[in-house]
Amino acid sequence: MINVTVWNEYFHERKDEKIGKIYPKGIHGAIAEMLGRDEEFNIRTATLDMPEHGLTDEVLENTDVLIWWGHIKHGDVSEEVAEKVKKRVLDGMGLIVLHSGHLSKPFVKLMGTVCRSKWRENDEKERIWVIEPSHPIADGLPEYIEIEEEETYGERFEIPAPDELVFISWFSGGEVFRSGCCYKRGLGKVFYFRPGHEGYPIYYREDIIKILSNAVRWAKATNFTRPTLGHYEAIENVKDKFEGKSEAERTHANLGKS
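Analysis parameters
- Residues numbered from 1 in each chain as written.
- Predicted model: local features only at pLDDT ≥ 70, side-chain atom pairs only at ≥ 80, totals over all residues.
- Heavy atoms only, no water.
- Helix = DSSP H or I, 4+ residues; strand = E, 2+ residues; numbered from the N terminus.
- Buried < 20%, exposed > 50% of the residue type's maximum accessible area, 1.4 Å probe, protein only.
- Areas by Shrake-Rupley, 256 points an atom, 1.4 Å probe, with all protein chains shown as cover.
- Pairing = 2+ DSSP bridges.
- Axes fitted to C-alpha atoms, helices over the stretch in contact; angles between N-to-C directions.
- Contact = heavy atoms within 4.5 Å.
- Phe/Tyr/Trp six-rings, centres within 6.5 Å; stacked < 30°, edge-to-face > 60°.
- Patch = residues over 30% accessible without salt bridge, like charges linked within 9 Å, V, L, I, M, F, W, Y side chains within 5 Å.
- Salt bridge = Lys/Arg side-chain N within 4 Å of Asp/Glu carboxyl O.

Caption draft 1: Spotlight on the overall build of the protein. Scanning the protein from N- to C-terminus turns up eight helices and nine strands. With the C-alpha coordinates aligned to their principal axes, the bounding extent of the protein is approximately 80 × 40 × 35 Å. Sorting the 258 residues of the protein into buried and exposed places 48% on the buried side. For the protein, the exposed surface amounts to about 13400 Å²; the carbon and sulfur share of it is 50%.

See below:
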């Protein structure tokens, strides 16, 4: 069983009647419902207006993969919660960041860059090309996926070079965009996936949900042994080269190394 938490601002759907009709249960509700058809996933949801944004220590500790959708409320996410998410990723939790979530505090903190790009809303076609068909996130997909109307993003996308690039998008206005980016951060995995503007019913599409389902499985931590960090004793029985020396002599010898 994979424990998945779907996080969403849950703002647009309650403030805009048109968007509310597309996602009556919120974007998080739609993703949770679609992914919830898979018996391997144990899914909960969390939203911005919940205490601690729904991401308490208990919730995060019991989350294998966190899916994050954000747009215009990035600044309302507390620094404390953003740092907790970052720490959990470094400790092994998977993170899937969707659409405008590239500007979310946890993603920016993990990337260490501004994470901005070009964009416009003009109902243009997006063609998502699978450029790494052997990657687990691309499992079962055709050569490309076509979305008739979407928000356009364009390069330059100010992110670190991905460890693995699974998808590149082309838009009918001429732009291209790195739309499926994989990273390893500490013991955790991060996947950024571009589609998902709130004004389109993207998260009801079977091909998009297939990608998210694949990404959840890819991002889930394996049963690893946590590495030892910091000072530790020698595994072998080695002689202490400072044996018998004074503290001043030890300090002087160490300074000579630097």
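Caption draft 2: Spotlight on the sheet that holds strand β5 (residues 118–130). Sheet architecture is open: nine strands sit in the order β2-β1-β3-β4-β9-β8-β7-β5-β6, paired in mixed fashion. For this open sheet the edge positions go to β2 (41–47) and β6 (144–154), each flanked by a neighbour on one side alone. Strand-to-strand twist of the sheet, defined as the mean angle between neighbouring strand axes without regard to direction, takes the value 25 degrees. Along the sheet, helix α3 (residues 26–35) makes contact with β1 (2–8), β2, β3 (65–69) and β4 (94–98), crossing β2 at roughly 180 degrees. The sheet strands contacting helix α7 (residues 206–219) are β1, β2, β3, β4, β6, β7 (164–171), β8 (176–185) and β9 (188–193), and the helix crosses β9 at an angle near 165 degrees.

Caption draft 3: Structural detail: the packing of aromatic side chains. Taken as a whole and judged by the stated rule, the model has twelve aromatic pairs. Here the aromatic rings of F157 and Y192 are separated by 5.5 Å at their centres, their planes lie at 55 degrees, and the arrangement is tilted. Of this pair, F157 sits in the loop between β6 and β7 while Y192 is found in strand β9, placing the two residues 35 residues apart along the sequence. Y192 carries the same exposure label as F157, and that label is buried.

Caption draft 4: Quick look at the pairing of β5. Sheet topology note: the β5/β6 ladder contains eight bridges and is antiparallel. Bridge pairing in β6 links E124 to E150. Pairing between β5 and β7: five bridges, direction antiparallel. Within β7, the residue paired with R127 across the bridge is W170.

Caption draft 5: Structural view of a nonpolar patch on the surface. Nonpolar side chains collect at one region of the surface, where W129, I131 and Y144 lie side by side and expose about 270 Å² of accessible area between them. Summarising the element assignment, Y144 is placed in strand β6. Owing to a relative accessible area of 38%, Y144 belongs among the partly exposed residues under this scheme.

Caption draft 6: Fine view of the environment of Y232. Locating Y232 in the fold gives a position in the loop between α7 and α8 (247–257). The class of Y232 is exposed, set by a relative accessible area of 55%.

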